[in-house]
Amino acid sequence: MEEFEPNIIGFLCNWCSYAGADLAGTSRIQYPPNVKIIKVMCSGRINPMYVVNALQQGADGVLIGGCHPGDCHYSRGNYLARRRIAVMKRLLEYIGIEPERVRMTWVSAAEGRKFAEVVEEVTEDIKKIGPMKKIRRENVW
Amino acid sequence: MENLVLSKEKLPEMLTEIASKYALFGPIEENGFTSFKHINNSQEINLDYLLTRISPKSLIFQQTETLFTFNKGKEVKVNTPKTDEAKRVIFGIRPCDARGYSILDPVFEGKKEGDYKDPFYTKKRNRSTLIGLSCNKPDLNCFCTSFDDSPASAKNVDILFTDIGEKYFVDIVTEKGKELIENLSKLFSKASEENREVREKVEQDAINAITRHMNTEGVVKKLDKMFNHDLWQKTAMRCVGCGICTFLCPTCHCFDMQDEAILKEGARIRVWDSCMYPEYTMHASGHNPRPARMNRVRNRIYHKFSYFPKNDKIFACTGCGRCIDYCPVNIDIIDIIAKVKEAKT
Amino acid sequence: MVDLKNLIEITKKIISREDVKYIVGYKKGTYGFQIMPAFAYTPEDAEEFIYSPLCSKNLAVYTILEEKLPLKRGEEEDKRKIGVVVKGCDSRAVVQIIQEKGLKREDLVLIGIPCRGVIEPKKIEKMFPNQTDLIEVIENDNSEYIINIGGKTHKVPKNELLSDVCKSCEFPNPPLYDVLLGEEVEITETEEFSKINELDEKPTEDKWEYWKEHFERCIRCYACREACPLCYCKECMADTLNPQWIRRSVNLSENTAWNIMRAYHLAGRCISCGECERVCPVNIPLMELNKKIERDVKKMFDYTSGLDEEEKPLFGMFKPDDPEDFIL
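Residues numbered from 1 in each chain as written. Chains lettered and ligands numbered in written order. Predicted model: local features only at pLDDT ≥ 70, side-chain atom pairs only at ≥ 80, totals over all residues. Heavy atoms only, no water.

Draft legend 1. Spotlight on the sheet that holds strand S2 (residues 35–40) of chain C. Residues and elements named next belong to chain C. Ordered by their spatial adjacency, 5 strands build an open sheet running S2-S1-S3-S4-S8, and the pairing between neighbours is mixed. What marks the edges here is a single partner per strand, and that holds for S2 and strand S8 (179–180). The pairing of strand S3 (residues 81–86) with strand S4 (residues 108–112) spans 5 bridges and is classified as parallel. Looking across to S4, one finds that Ile-82 is bridged to Leu-108. On top of the sheet, helix H1 (residues 4–15) reaches strand S1 (20–28), S2, S3, S4 and S8; it is set at about 160° to S1, its chief contact. (Pairing = 2+ DSSP bridges. Helix = DSSP H or I, 4+ residues; strand = E, 2+ residues; numbered from the N terminus. Contact = heavy atoms within 4.5 Å. Axes fitted to C-alpha atoms, helices over the stretch in contact; angles between N-to-C directions.)

Draft legend 2. Just the interface of chain A and chain C, in detail. Each partner contributes to the interface: chain A provides 42 residues, whereas chain C provides 46 residues. Carbon and sulfur atoms supply 65% of the area buried between chain A and chain C, which totals about 4000 Å² over both sides. Per-residue buried area on chain A facing chain C is highest for Arg-83, Tyr-94 and Ile-95 of chain A; these three make up 24% of the total on that side. Applying the counting rule to chain A against chain C returns 5 salt bridges. At the surface where chain A touches chain C, the tally comes to 21 residue pairs in polar contact (both at pLDDT 80 or more). At the level of elements, helix H2 (48–56), helix H3 (77–95), strand S4 (102–106) and helix H4 (112–129) of chain A are the ones that each hand at least two residues to the side of chain A that touches chain C. In terms of residue count, the dominant contributor to the side of chain A that touches chain C is H3 of chain A (16 residues). Residues of the side of chain A that touches chain C, tallied by class, amount to 22 nonpolar, 6 polar and 14 charged. (Buried area = accessible area lost by both parts, 1.4 Å probe. Salt bridge = Lys/Arg side-chain N within 4 Å of Asp/Glu carboxyl O. Polar contact = N/O pair within 3.5 Å; in protein donor to acceptor, adjacent residues only side chain to side chain. Nonpolar A, V, L, I, M, F, W, Y, C, P; charged D, E, K, R; others polar.)

Draft legend 3. Examining the packing of H2 of chain A against helix H11 (residues 252–265) of chain C more closely. Direction vectors running N to C along H2 of chain A and H11 of chain C enclose 170°, while the axes themselves pass 11 Å from each other. With respect to their mutual orientation, H2 of chain A and H11 of chain C come out roughly antiparallel. Every residue of H11 of chain C that contacts H2 of chain A at Pro-48, Met-49, Val-52 and Gln-56 of chain A is listed here: Ser-253, Glu-254, Ala-257, Ile-260, Met-261 and Tyr-264 of chain C. Per-class residue counts for the contact of H2 of chain A with H11 of chain C are 7 nonpolar, 2 polar and 1 charged. (Parallel < 35°, antiparallel > 145°, perpendicular 65-115°, else oblique.)

Draft legend 4. Summary view of the state of the cysteines. Residues and elements named next belong to chain A. Counted by the stated rule, this structure contains 1 disulfide over all chains. A disulfide bridge connects Cys-16 with Cys-67, and the sulfur atoms are separated by 2.5 Å. Where Cys-16 bonds to Cys-67 through sulfur, the torsion about that S-S bond is close to 95°, and the disulfide is right-handed. Here Cys-16 is found in the loop between strand S1 (8–13) and helix H1 (17–26), whereas its partner Cys-67 is found in the loop between strand S3 (61–66) and H3, with 51 residues between them in sequence. As far as burial versus exposure is concerned, Cys-16 and Cys-67 are alike and both buried. (Disulfide = S-S within 2.5 Å. Buried < 20%, exposed > 50% of the residue type's maximum accessible area, 1.4 Å probe, protein only.)

Draft legend 5. Up close: helix H6 (residues 193–209) of chain B. All names here are of chain B. Relative to the 24 Å expected for 17 residues at 1.5 Å per residue, H6 spans 24 Å between its end C-alpha atoms, a close match to the ideal helical length. Taken together, the buried positions of H6 are Asn-195, Arg-199, Val-202, Glu-203 and Ala-206. Within H6, the buried residues cover an arc of 95° as seen down the axis, which keeps them to one side. Structural note: H6 exposes Glu-193, Glu-194, Glu-197, Lys-201 and Asn-208 on the side pointing more than 90 degrees away from its buried face. On its buried side, H6 packs onto strand S1 (2–7), strand S8 (159–163), strand S9 (167–172) and strand S10 (189–190). (Expected span 1.5 Å × (residues − 1). Arc of directions from axis to C-beta.)

Draft legend 6. H11 of chain C, seen in detail. A rise of 1.5 Å per residue sets the reference length of H11 of chain C, with its 14 residues, at 20 Å; its end C-alpha atoms lie 20 Å apart and thus fit the reference within 8%. Burial runs high along H11 of chain C: 13 of the 14 residues are buried.

Draft legend 7. Quick look at the domain arrangement of chain B. All names here are of chain B. Segmentation of chain B into domains returns domain 1 (2–62 + 81–209) and domain 2 (219–342). One C-alpha centre belongs to domain 1, the other to domain 2, and the line joining them spans 27 Å. Domain 1 puts 28 residues into the contact, and the matching count from domain 2 is 30 residues. Here domain 1 and domain 2 share an interface that buries about 2500 Å² over both sides, 61% of which is from carbon and sulfur atoms. Broken down residue by residue, the surface that domain 1 buries against domain 2 is led by Lys-57, Ile-103 and Phe-143, which jointly contribute 24%. (Domains from an automatic or database assignment.)

Draft legend 8. Fine view of the nonpolar core. Residues Phe-305 of chain B together with Ile-147 of chain C are the most contacted members of the largest nonpolar core, which totals 199 residues. At 9 residues, the largest contribution of residues to this core is made by H3 of chain A. Once residues lying within four places of it in the same chain are set aside, the contact partners of Ile-147 of chain C are Phe-33, Ile-124, Phe-128, Ile-135, Glu-136, Val-137, Lys-152, Thr-153, His-154, Val-156 and Leu-161 of chain C. Judged by nonpolar contacts, the second largest core, of 25 residues, contains Leu-4, Met-14, Ile-39 and Ile-159 of chain B. (Core = buried A, V, L, I, M, F, W, Y, C linked by side-chain atoms within 4.5 Å.)

Set out below in structure tokens:
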């Protein structure tokens, strides 16, 4: 049987995490190709419903990346995101969606190495728990 | 009309027989309330219920229905969806809910030759055989007798079962009903005069047990003069617009249509909607002809007690009492009609 | 104990004021244990007002349901105040809406009632089914409800009929009011909302099994939203078409998304009145979701909703040392 390759949606902020991912690329660091990146201007821009929506539409996991606390380009976006995602994560856990599926990380523009490590860890974890079936849209009419 | 009796212990056998040939639907209890579901094992059926929380209109007028599917590409194809071709038997439906189907018929099937027939409704309706179950103990908010109906009325079903103690008294009303039990005749026996007397007594007792009544005489004419009465504003003040009344009602039939699609394929679906929501009448221009809750509450009553009788000569209410039971702010349709009767115009 | 005479007296006095449009309170319903919201425009209307343990409805919802229709030419906006009879949780709902700038304090007159808990309508209707005549329920000093049915008096221990959310209520006294009827209720020790703990300890799969069963049943009538005093967005995310956050078709995926969305949007805002669960026609235990978030928010951010109008909303502020143990 073919190994399960998860789909992971990465919401990365324009100023740090996305630049970090870019650096990982330009530095030719190898990391799993499972993460599909969507660039947002700030992690504070991520509506927590994005997470639910991504899981509904085919993602097996969601990774959210923002600047380190204190480094936000808009000074407080990542702090706000931290609160929002903390609550959403716990709610999803309570409903019975594995906590490994929703992850958040701080990656700065200089941390290409860290980005690759995070993606590796997240991909590994999601491979272990398998595909997301619980709230996936069936699209059968 | 042919009358038979069926002893209670033979009921599971009958249901199993039916389930082997037809798709059998019946009341099942889950999480403290009953709803109509597909049944595989006759043991699952719960006949202690009085009314299912959600009316069985959902079996024929489904909450979500695919109208057609389409794909995207060089050539666009529109396909009709696969429909469930199985013949159905709906067992244990209450006379009032069965009457709900009869009220929905002119809406979806048209009244005369050449009228548009909704294929989804019509197909399911024609393929269903209804086995009714009389109510021996009507509920607090039952008022079916106010619509020339009775808790043991056989008018709108194919077969009617009435609990007469050890046995069920069986009225076979239509050809469809006859056909259904033709092969099962070994389970039934002829009804005696005594059985019939018991059945009549059970029916009379049930009628007497109904405590609430709605006087609908002259309501249609009265409502014509009451469009601007302040009763509507007064009632609507406490309405929160939750729409429970319309979702649970066996005769409400408003729907919304939407497209759902993924990259290369999609479908147009039909879902229940409710006239109690402001979005329901919202125009694309931004104008809303029913902007206030008053307009919406008034429309619900007018649709049931004025427009519908004018078009189809029948009130769009079966007297099941669900809207009264579950309204969170005690908007009581019996009370409203009583106030309409009293109102000065 | 609320003195009825006092309630009517005060309502009359307030409604006689020129700057008050109407007052929302409770009156007797049409049958059984029913209570309906009442609107007093004149002092005579106020005569009908009652208050009993049956008055479970959260009247704060009527402050946001007030319809402001487009004015006709020459018409002037009616800027008079609305009066509302508020229990502890109702008052907290009002505070929360004011905090979010959804209402102005000066547009409201609040008649506060120190609440001793309300009866769950489903429970009492199960205990005494099929009551056609109107029935009054009184609470005595002995933690019992006295229910008079057809000349026969029943005494029922309070705990058997009390609403589940009331058992764990920490704020029975209205934090915001203009007039308070009677004396503040002493806050006794409350039970924890234990249902969440039970589920919390179960493995993920069991949790999902539990919620799956409930969410599959949802008919998406959105009654939970309409009855909630804090769901007052002009356009709900569930109704927008572009983007369409959740589809209208009723299936497990969309139902789950809707229920997550509803619960999440009340994070740090829900005031635990239990109205959503009370109105749900298919018995989904919505308060468990709300209570779970409430507890998380309290634990992580030490935040309680609806107590101070000047406080900032939970998701509109932050502390640099918010917990971040989950961050990689």
